[in-house]
Structures are given as structure tokens and as C-alpha cells.
Amino acid sequence: MAEMGSARVESGHKALINKGMTRTQDQRQMQQRPTGATQRPDPLDDRRLSVAPMMDWTDRHCRAFHRLLSRETLLYTEMVTTGALLHGDVPRHLDFDTAEHPVALQLGGSEPADMAASARLGERWGYDEINMNVGCPSDRVQRGTFGACLMAEPGLVADNVAAMRDAVSIPVTVKCRIGIDDQDSEAALTDFVGQVSEKGGCGRFIIHARKAWLQGLSPKENRDIPPLDYDRVARLKQQFPHLHVGINGGILDLDTAQALLRDGPEDEGEGESTGIGVGPLDSVMIGRAAYQNPWMLAEADALIFGRPAASAPDSRHAVIEAFLPYLEAQCTDGVSLHAMTRHILGLFNGQPGARLWRRYISENAPSKTAGVEVLRQALAFVSTEGVSGTEATKAG
């Protein structure tokens with residue numbers, strides 16, 4: 001269940017965002033939600049922007065930090081396998097702070113019964129969405145017969161989605177690639193989405209706009225080497241106008257996200273780009289750019305969701321000050337400072353003193369006796385002067 005320490009960090013969140021976490025829900029109520037085939041109204045109808053699930057990066061501490069930057073952006077867990085949930089330490093994998101809402105649990109697996117049981121756990125723990133990983137190309141994932149290799153088995157993916165939808169009342173979504181290996185035609189992608197939506201009942205797809213080479217490229221290479229094909233994702237949306245189609249891959253800033261939401265990718269045709277969008281997409285998922293330069297999220301609520309600019313954090317310093325109560329509570333519970341501060345190293349990127357900020361934390365946070373004083377001392381290396389709030393996103 002969401003960690004009881006949330007009450008101790010609430011004051012820090014409220015100091016930064018006057019109205020607090022408007023989507024925060026009482027965990028005890030979440031436990032009592034009915035499950036079953038009846039699908040309730042989507043509680044995350046407006047999820048135009050999200051931070052991608054990233055292994056070793058988007059853990060609960062990272063998400064608590066990101067939530068201080070944006071109230072509205074949908075956050076995802078790292079991928080959690082069904083085996084880890086059904087045969088492992090469930091609280092270790094699923095515990096989170098209620099301030100993280102809206103938050104989605106990404107599952108890795110391919111056995112419908114196991115995926116359904118894991119989805120039930122996710123709903124019981126209070127997650128707002130269950131997402132099926134059909135995009136990870138790692139050898140370990142392939143050996144478990146899940147991830148990107150499942151794009152070759154749309155019928156099996158549909159069975160898994162149907163089983164999860166029957167088991168829970170929260171949304172069940174799919175994150176996939178545009179193709180794998182030599183099975184990367186537009187027709188293959190259309191068939192995949194068609195089967196998973198019609199037979200499985202999935203209404204929301206997040207498409208990583210690169211194919212995945214299951215043999216010959218590492219997971220890191222699969223994030224960079226296969227070319228991006230935004231147009232294919234836009235055409236998929238045109239083919240399935242009734243579905244929510246989101247895009248992921250290579251999106252580095254909120255300006256690009258806005259353009260994709262407003263106009264879609266530019267139609268490059270046979271020559272130079274015309275600058276005319278080929279059709280808007282429903283949502284944008286940002287990955288490494290949001291992790292490495294988290295300050296970009298500070299402008300997301302205003303630019304992407306239309307919230308008042310005054311709701312943005314006042315400054316990077318204010319974000320850290322608001323994060324300190326969470327860090328203190330977690331350290332008291334035995335979490336190492338380094339496990340949490342590794343996610344905040346990029347906050348001051350592009351600002352005077354950023355290198356000293358990163359160096360001081362990297363050298364001092366790993367100590368077993370390190371506490372929040374390390375952050376207070378590190379703040380002395382970065383200036384409190386300069387632009388703040390919405391003016392600072394591009395500068396950051």
C-alpha cells in the first residue's frame with residue numbers, strides 16, 4: 001500500500017504547490033474499490049503528457065521528485081514482472097507515496113492468469129493504470145517471453161489485455177514499438193493494434209516510434225539506432241481515430257510535445273519538411289530527456305495542460321526544499337540518501353554551479369551516515385538568482 005510516510009512529506013509538497021496534490025487519493029478507499037469486468041470511467045482522461053517507465057530510473061523516489069515539478073503529468077513505474085509480484089516481495093515492488101498520483105504500474109509478462117493476478121495487486125495497491133510492456137527488447141525479457149517479442153503474437157497480447165480488463169476496473173493500456181526485426185511493415189502494426197483493441201478491448205496505446213532489433217542490438221542501441229518514424233504513428237491514429245494513440249521516442253522538449261499534440265509530426269514527403277502536421281496525436285511520453293533534465297517538467301502543467309502559470313514551482317531551490325521532508329522521512333525508514341539523490345542530479349543542468357552540485361552530492365550522499373544536510377550544503381554551490389517558474393524551463 002502507499003507508504004504511511006506520505007503524511008510527513010505532505011507539508012513539503014503543499015509549500016511548493018498551494019493546492020497540494022489534487023489527485024492524491026486515500027489509500028484505504030483504493031483498497032476497497034470493486035474489481036471485475038465492469039470498467040469504471042477513466043480517472044486519467046486527460047493524460048496528454050507522461051514520463052516513460054525506465055528501468056533503474058523511475059522508481060518511487062524518482063516519481064516523488066517528479067511530482068514536485070508537475071502535478072498533472074502521468075508517471076510510470078519501472079517495469080515489474082509478474083514473477084516478482086507473484087513470488088517475491090510485493091510491498092518492495094509496489095509501495096509508493098500517495099503524492100505520486102496519477103501513477104501507472106507497468107507489468108512485464110505473457111501469461112494471462114499471471115497478468116490478471118498482478119493487475120489485481122496493482123489496483124489493490126492504488127495504482128491508476130495498468131500498462132503492459134510490449135516494447136522492451138532486452139535478452140532477459142525475451143527469455144521470459146515478454147516485452148517487444150510479443151509484437152509477433154498479437155493474439156496472445158489481446159488475451160492478456162482481456163484477462164486484465166476482466167480482473168480490474170482501472171484502465172489497461174499497452175506500450176509497444178512500431179515493429180520488430182523484419183516484421184516492421186505498416187500492415188503488421190495495423191494488424192497488431194487491431195487485434196489487441198478489438199479482441200482484447202485495449203483503448204489506449206503508447207507507441208515507441210522505433211522498431212526493435214531483437215537480435216544484434218543492445219537495449220541501449222535499440223533506443224538510438226533504429227530510425228524514428230513519427231509519421232507511421234500519426235497514420236496509425238488516422239486508421240484508429242476512436243483509440244487513444246500516444247507517441248514515445250526521441251522527444252527532447254515540451255515544444256516538440258506541444259507540436260505533436262497540436263499538429264502531429266511534420267509531413268516530410270519526398271523532399272524537405274513542409275512544416276505541416278499530418279495529424280495530432282493524443283499524448284506524448286518523454287523518457288530520458290525528462291530524467292536527465294527534470295526541470296522541463298516544471299512548465300508542463302501550464303504549457304501542456306493549460307493550468308495557471310502561477311502553479312509552477314518558483315525555482316529549483318524551492319523544489320529541493322519541498323523534497324527535503326520526503327528525504328528525511330525515507331532516511332528515517334532506512335533508505336539510503338544516495339538511492340534518492342541520484343534522481344535529482346540533473347535539476348540544475350545549464351545553471352551556474354551545476355557541476356559542483358552534482359559532484360558534491362555524488363561524493364557525499366553514498367555515506368551511510370549521510371542525511372539531508374548534504375542537500376542543503378550542495379545548494380550553496382548553485383545560485384538562487386536567475387529566472388524562475390515558466391521562464392526557466394528552456395534555460396534549464
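Residues numbered from 1 in each chain as written. Predicted model: local features only at pLDDT ≥ 70, side-chain atom pairs only at ≥ 80, totals over all residues. Heavy atoms only, no water.

Caption draft 1: Up close: the nonpolar core. Core analysis: the biggest nonpolar cluster contains 109 residues, and Val174 and Trp357 have the highest contact counts within it. Tallying contributions element by element places helix H15 (residues 316–332) first for this core, with seven residues. Setting aside residues up to four positions removed in sequence, Val174 forms contacts with Asn131, Met132, Val134, Val157, Val161, Phe192, Val196, Cys202, Arg204, Phe205 and Ile206. (Core = buried A, V, L, I, M, F, W, Y, C linked by side-chain atoms within 4.5 Å. Buried < 20%, exposed > 50% of the residue type's maximum accessible area, 1.4 Å probe, protein only. Helix = DSSP H or I, 4+ residues; strand = E, 2+ residues; numbered from the N terminus. Contact = heavy atoms within 4.5 Å.)

Caption draft 2: Here's a closer look at the side chain of Gln106. Looking at the element boundaries, Gln106 is found in strand S3 (residues 103–108). Gln106 gets classed as buried once you look at its relative accessible area, which sits at 3%. Filtering out sequence-adjacent residues up to four positions away, Gln106 remains in contact with Pro53, Thr77, Glu78, Met79, Val80, Asn131, Asn133 and Lys175.

Caption draft 3: Up close: the sheet that holds strand S1 (residues 49–51). The strand order S1-S2-S3-S4-S5-S6-S7-S8 describes a closed barrel built from eight strands, whose pairing is parallel. Shown here is a sheet whose adjacent strand axes are inclined to one another by a mean of 30°, direction ignored. Sheet analysis places strand S7 (residues 244–248) next to strand S8 (residues 283–286), joined by three bridges and oriented parallel. Each residue of the ladder has a partner; that of Gly246, found in S8, is Ser283. Helix H11 (residues 230–239) rests against strand S6 (204–208) and S7 of the sheet, and its axis sits at about 175° to S7. (Pairing = 2+ DSSP bridges. Axes fitted to C-alpha atoms, helices over the stretch in contact; angles between N-to-C directions.)

Caption draft 4: Region of the structure containing the pattern of salt bridges. Considering all chains together, one arrives at ten salt bridges under this definition. Among the ionic pairs, Arg307 bridges to Glu72, the shortest N-O distance being 3.3 Å. You can see Arg307 sitting in the loop between helix H14 (300–303) and H15 and its partner Glu72 sitting in the loop between helix H3 (60–69) and strand S2 (74–81), a full 235 residues away along the chain. (Salt bridge = Lys/Arg side-chain N within 4 Å of Asp/Glu carboxyl O.)

Caption draft 5: How the structure looks around the packing of aromatic side chains. If you walk through the whole model with that rule in mind, you get six aromatic pairs. Measuring from ring centre to ring centre gives 4.5 Å for Phe96 and Tyr127, while their planes differ by 40°; the resulting arrangement is tilted. Remark: Tyr127 occurs in the loop between helix H6 (112–125) and strand S4 (129–134) and Phe96 occurs in the loop between helix H5 (90–94) and S3; sequence separation between them is 31 residues. Per residue, the accessibility class of Phe96 equals that of Tyr127, and both read buried. Ring pairing ties together the aromatic residues Phe65, Phe323 and Tyr326, which thus form one cluster. Note that Lys211 overlies the ring of Trp213, its terminal NZ or CZ placed 3.8 Å from the centroid. (Phe/Tyr/Trp six-rings, centres within 6.5 Å; stacked < 30°, edge-to-face > 60°. Lys NZ or Arg CZ within 6 Å of the ring centre and 35° of its normal.)

Caption draft 6: Focus on unusual backbone geometry. For the peptide bond that leads from His101 to Pro102, omega is 0°, which places it in the cis range. Structurally, Pro102 can be placed in the loop between H5 and S3. Not every positive phi belongs to a glycine, and Asp56 is a case in point at roughly 70°. For Asp56, the location among the structural elements is in the loop between S1 and H3. Asp56 sits in the exposed class, given a relative accessible area of 52%. Although it is not a glycine, Asp181 sits at a positive phi angle of roughly 45°. Considering the arrangement of structural elements, one finds Asp181 in the loop between strand S5 (172–177) and helix H9 (186–198).

Caption draft 7: Expanded view of the environment of Ile207. Considering the arrangement of structural elements, one finds Ile207 in strand S6. Relative accessible area serves as the criterion here: at 0%, Ile207 is assigned to the buried category. With 25 residues separating them along the chain, Ile207 and Arg232 place their C-alpha atoms 9.9 Å apart. In this structure, Ile207 is in contact with Cys176, Arg177, Ile178, Val233, Leu236, Val245, Gly246, Ile247 and Asn248, ignoring residues within four places of it in sequence.

Caption draft 8: Layout of the pairing of S3. In terms of residue burial, S3 counts as a mostly covered element, since six of its six residues are buried. Here S3 shows no split at all, with Val103, Leu105 and Leu107 on one side and Ala104, Gln106 and Gly108 on the other all buried. The pairing of S3 with S4 spans four bridges and is classified as parallel. Bridge pairing in S4 links Ala104 to Glu129. For the segment spanning S3, H6 and S4, crossover handedness is right-handed. (Right-handed = clockwise from strand over helix to strand, strands pointing away.)

Remember that the coordinates give geometry; whether it matters functionally is a separate question.
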